[in-house]
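Secondary and tertiary structure notes
Chain by chain, the residues run as shown.
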Amino acid sequence: MSEMLEQEIGRVADDLSAPDLLALARDRKAAEHRAAADLLVVAASWADLHPPESIHSAATFAVAGCEHEEPIAGDGAPLVAEFCVAELGAVLGISSTGAKKLIGHALELRHRLPRLWAQVQAGVVPAWRARSVAEVTIHTTPALTPEAAAFVDAQVAAVAGRVGPAQLDRLVAEAIKRYDLATDDPAKDPENGHLHVDPQHVTINDEDVHFAGTMRLEAELDIADALDLGAAVAHGAEVQKALGSTESLDVRRAKALGDLARTQTALDLATDTTTAIATEPDTADLPPAREVAIHAHFDASTVGESTVFGPTGRIEEGQRLVLVDQVKAWCGDTRTQVTIRPVIDLNTELTASGYEIPDRIREQIALRDRTCVFPWCSRPARRADVDHIVEYDHHADAEGRPQAGPTATSNLACLCRSHHRLKTHTAWTYRVVAAGVFEWTSPHGHHYRRDRTGTSPIDETPPPDRP
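Note that this is a predicted model, so its numbers are computed, not measured. (Residues numbered from 1 in each chain as written. Predicted model: local features only at pLDDT ≥ 70, side-chain atom pairs only at ≥ 80, totals over all residues. Heavy atoms only, no water.)

**A closer look at the overall build of the protein**
When you go through the protein residue by residue, the secondary structure sums to 13 helices and 15 strands. Put simply, the protein has 467 residues, and 31% of those count as buried. The long-range share in the protein, meaning contacts at least 24 apart out of those at least 6 apart in sequence, stands at 54%. (Helix = DSSP H or I, 4+ residues; strand = E, 2+ residues; numbered from the N terminus. Buried < 20%, exposed > 50% of the residue type's maximum accessible area, 1.4 Å probe, protein only. Contact = heavy atoms within 4.5 Å.)

Laid out in structure tokens, this is it:
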């Protein structure tokens with residue numbers, strides 16, 4: 001259907017003049033904004049259908065792991081029944097975390113930023129810009145009061161559709177600070193105001209690894225710290241150039257930052273801080289400067305008496321491509337500790353007699369599944385629970401019954417704690433259809449297939465007959 005629509009639009013576009021094409025582009029963009037605004041309404045309405053009162057649990061006690069109230073927006077926005085988030089995310093093709101954020105933004109805008117919500121629904125402000133404001137007002141520390149959120153709403157709603165993203169971010173931060181200064185007790189320390197916002201942070205995006213084997217690092221530093229870091233990185237880049245490096249300035253600066261981190265780890269901890277002059281430490285007594293755990297997998301073949309690895313492999317951290325030459329470079333440092341684990345055949349059925357899952361089976365399941373196997377979830381398998389797909393019968397042996405849910409490769413899967421609880425306490429179910437392939441059914445009857453390549457909805461409507 002989408003291919004036919006694309007072809008139809010292409011035929012129409014071929015016949016249009018330049019002004020007509022611009023008008024078509026504007027109309028399509030307006031339709032995109034309208035759809036995003038409608039989706040916020042749907043998300044808020046979905047939350048309305050699942051208030052805390054919809055949770056069916058015992059009135060006098062709580063069962064560990066059961067559904068609870070979920071505050072996903074700021075103070076004054078309604079609470080939501082926790083487990084409703086997953087089904088909305090599944091039909092939208094996004095993770096439960098993404099769905100939670102969408103619902104949270106919708107409730108924040110509707111209840112705490114009503115002016116901005118009205119601007120979105122009127123088509124004046126794109127939904128994505130309003131959501132960026134909601135993200136800040138939800139997560140500001142200390143939390144924004146309803147009055148503070150209303151002040152921010154009044155300051156930014158009228159201009160949110162006319163400024164760029166960076167300027168909008170600054171306006172929101174300034175509005176929060178102005179409210180802080182206007183309502184703060186003059187006798188207080190101004191740096192301890194009720195709504196003091198400190199933007200300093202260092203964020204390593206370890207879930208977004210580039211195919212070239214790099215990660216993005218973002219930081220907001222004190223001005224003096226930033227200038228000092230810039231000078232140190234520039235110096236390190238110049239040293240590399242003086243030593244003969246022919247790489248670009250950007251590459252040398254990036255490497256200088258890594259060298260700076262390892263130098264801090266390796267040297268400063270061994271420095272004698274009781275004297276004014278630090279002595280050169282004995283490097284033989286230092287711990288490894290690089291203490292990074294990486295799980296890399298490569299195909300290997302035997303040529304004569306040698307083992308030959310393929311040029312590319314997969315790194316579990318971030319589920320991305322890694323080059324064998326990169327791993328060689330990482331391991332080439334004499335103070336880098338390398339651990340090689342034995343190969344586990346992912347096609348072998350491993351079993352255990354009891355409920356507890358031995359390390360070898362746990363490792364096999366983590367290698368097979370790679371991530372939590374719930375639709376669209378990407379949380380790493382190594383940090384997930386290993387679930388018995390068919391529940392283990394703890395009384396089977398004592399009562400002479402065959403074990404319905406054995407501890408075996410074919411009956412185990414990785415589920416993050418959130419989705420493990422969801423599977424245990426709701427009507428979500430799943431089954432194995434092949435090794436490492438799972439079919440999920442939601443409480444409302446939607447079906448999803450999850451395998452090593454990702455998630456795909458199962459279309460239950462038969463395709464139309466084609467000529």
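**So, the pattern of salt bridges**
This model, assessed by the stated rule, comprises 17 salt bridges. Among the salt bridges present, the one from Lys29 reaches Glu32, with a minimum N-O distance of 3.4 Å. Residue Lys29 and its partner Glu32 are located together in helix α2 (residues 18-49), separated by three residues, close to a single helical turn. Of the residues examined, Glu32 reaches a relative accessible area of 47% and is grouped as partly exposed. A salt bridge links Asp393 to Arg401, with the shortest nitrogen-to-oxygen separation between them at 2.6 Å. Judged by relative accessible area, Asp393 falls into the buried class, the value being 18%. Residue classification places Arg401 among the partly exposed positions, given a relative accessible area of 36%. Counted as one network, the salt bridges with shared partners bring together Asp393, Glu399 and Arg401. (Salt bridge = Lys/Arg side-chain N within 4 Å of Asp/Glu carboxyl O.)

**Details of the side chain of Glu108**
One can find Glu108 in helix α4 (residues 96-112). Using a relative accessible area of 0% as the deciding quantity, one classes Glu108 as buried. In contact with Glu108, other than residues within four places in its own chain, are Ala73, Gly74, Leu113, Ala134, Thr137 and Ile138.

**Some thoughts on the sheet that holds strand β15 (residues 454-457)**
Spatial strand order, β12-β13-β14-β15: four strands in an open sheet with antiparallel pairing. For this open sheet the edge positions go to β12 (429-434) and β15, each flanked by a neighbour on one side alone. Shown here is a sheet whose adjacent strand axes are inclined to one another by a mean of 25°, direction ignored. Of the pairings in the sheet, the one linking β12 to strand β13 (residues 437-441) comprises five bridges and is antiparallel in character. Each bridged residue has a counterpart across the sheet, and for Tyr430 the counterpart in β13 is Trp440. (Pairing = 2+ DSSP bridges. Axes fitted to C-alpha atoms, helices over the stretch in contact; angles between N-to-C directions.)

**Some details on helix α12 (residues 359-369)**
Extensive coverage of α12 is indicated by the burial of eight of its 11 residues. Burial in α12 covers these residues: Ile361, Glu363, Gln364, Ile365, Ala366, Leu367, Arg368 and Asp369. Taken from the residues just after α12, Arg370 is the one with a positive phi, measuring 70°.

**A look at the environment of Lys423**
By the element assignment, Lys423 lies in helix α13 (residues 417-425). The class for Lys423 is buried, based on a relative accessible area of 16%.

**Looking at the nonpolar core**
Counting residues in hydrophobic clusters, the biggest one holds 42 residues, and the most contacted among them are Leu40, Ile103, Leu107, Leu109 and Leu116. Sorting the residues of this core by element identifies α2, α3 (84-92), α4, α5 (114-121), α6 (127-139), α7 (146-156) and α8 (165-183) as the ones contributing at least two each. Once residues lying within four places of it in the same chain are set aside, the contact partners of Leu109 are Leu40, Pro114, Leu116, Trp117, Ala130, Arg131 and Ala134. Judged by nonpolar contacts, the second largest core, of 17 residues, contains Ala86, Phe374, Leu415 and Phe438. (Core = buried A, V, L, I, M, F, W, Y, C linked by side-chain atoms within 4.5 Å.)

**Considering the pairing of strand β9 (residues 385-388)**
The alternating pattern of β9 places Asp385 and Asp387 on one face and Val386 and His388 on the opposite face, and all of these are buried. Sheet topology places β9 next to strand β11 (residues 412-415); four bridges connect them, and they run antiparallel. When the sheet's bridge partners are listed, Asp387 is paired in β11 with Ala413.

**Re α2**
Taking 1.5 Å per residue as the helical rise, α2 with its 32 residues ought to reach 46 Å, and the 47 Å between its terminal C-alpha atoms agrees with that figure. The complete set of buried residues in α2 reads Leu24, Ala37, Leu40, Ala43, Ala44, Trp46 and Ala47. Looking at the buried side of α2, the elements it contacts are β2 (80-81), α3, α4, α5 and α6. (Expected span 1.5 Å × (residues − 1).)

**Re unusual backbone geometry**
Generally, phi is negative for residues other than glycine and the peptide bonds are trans, each holding for most cases. The omega torsion across Thr141 and Pro142 is -10°, close enough to zero to call that bond cis. With respect to the helices and strands, Pro142 occurs in the loop between α6 and α7. In this model, Arg370 sits at a positive phi of 70°, which is unusual for a non-glycine residue. Mapping Arg370 onto the fold places it in the loop between α12 and β9.

**Here we look at the packing of α4 against α5**
At a closest axis distance of 5 Å, the pairing of α4 and α5 adopts a crossing angle of 110°. When the interaxial angle is binned, α4 and α5 end up roughly perpendicular. Taken as a pair, α4 and α5 cross one another with a handedness that is left-handed. Of α5, the residues touching α4 (which contributes Ala106, Leu109, Arg110, His111 and Arg112) are Pro114, Leu116 and Trp117. Of the residues assigned to the contact of α4 with α5, the class counts are five nonpolar, one polar and two charged. (Parallel < 35°, antiparallel > 145°, perpendicular 65-115°, else oblique. Left-handed = near helix turned anticlockwise from the far one by under 90°. Nonpolar A, V, L, I, M, F, W, Y, C, P; charged D, E, K, R; others polar.)

**Overview of a nonpolar patch on the surface**
A cluster of nonpolar side chains, contributed by Val202, Ile204, Met215, Leu217, Leu221, Leu229, Leu257 and Leu260, occupies part of the molecular surface with about 640 Å² of accessible area. Of all the secondary structure elements, the ones that give two or more residues to the nonpolar patch are β3 (201-209), β4 (215-220) and α10 (249-267). One can find Leu217 in strand β4. (Patch = residues over 30% accessible without salt bridge, like charges linked within 9 Å, V, L, I, M, F, W, Y side chains within 5 Å. Areas by Shrake-Rupley, 256 points an atom, 1.4 Å probe, with all protein chains shown as cover.)

**Observations regarding the packing of aromatic side chains**
Scanning the model with the defined rule gives eight aromatic pairs in all. These aromatic residues form a ring-pair network of at least three members: Phe374, Trp428, Tyr430, Phe438, Trp440 and Tyr448. (Phe/Tyr/Trp six-rings, centres within 6.5 Å; stacked < 30°, edge-to-face > 60°.)

**Notes on the confidence of the model for the protein**
Detailed conclusions should not be drawn from predicted coordinates in areas where pLDDT is low. Scored by pLDDT, the protein has a mean of 81; 75% of the residues are at 70 or more. When pLDDT is averaged over each helix and strand of the protein, the minimum, 58, is found for strand β1 (residues 69-70) and the maximum, 97, for α5. Segment residues 186-196 is flagged for pLDDT under 50; beyond a separation of four residues in sequence, or across chains, it makes 22 contacts in the model. (pLDDT = per-residue confidence, 0-100.)

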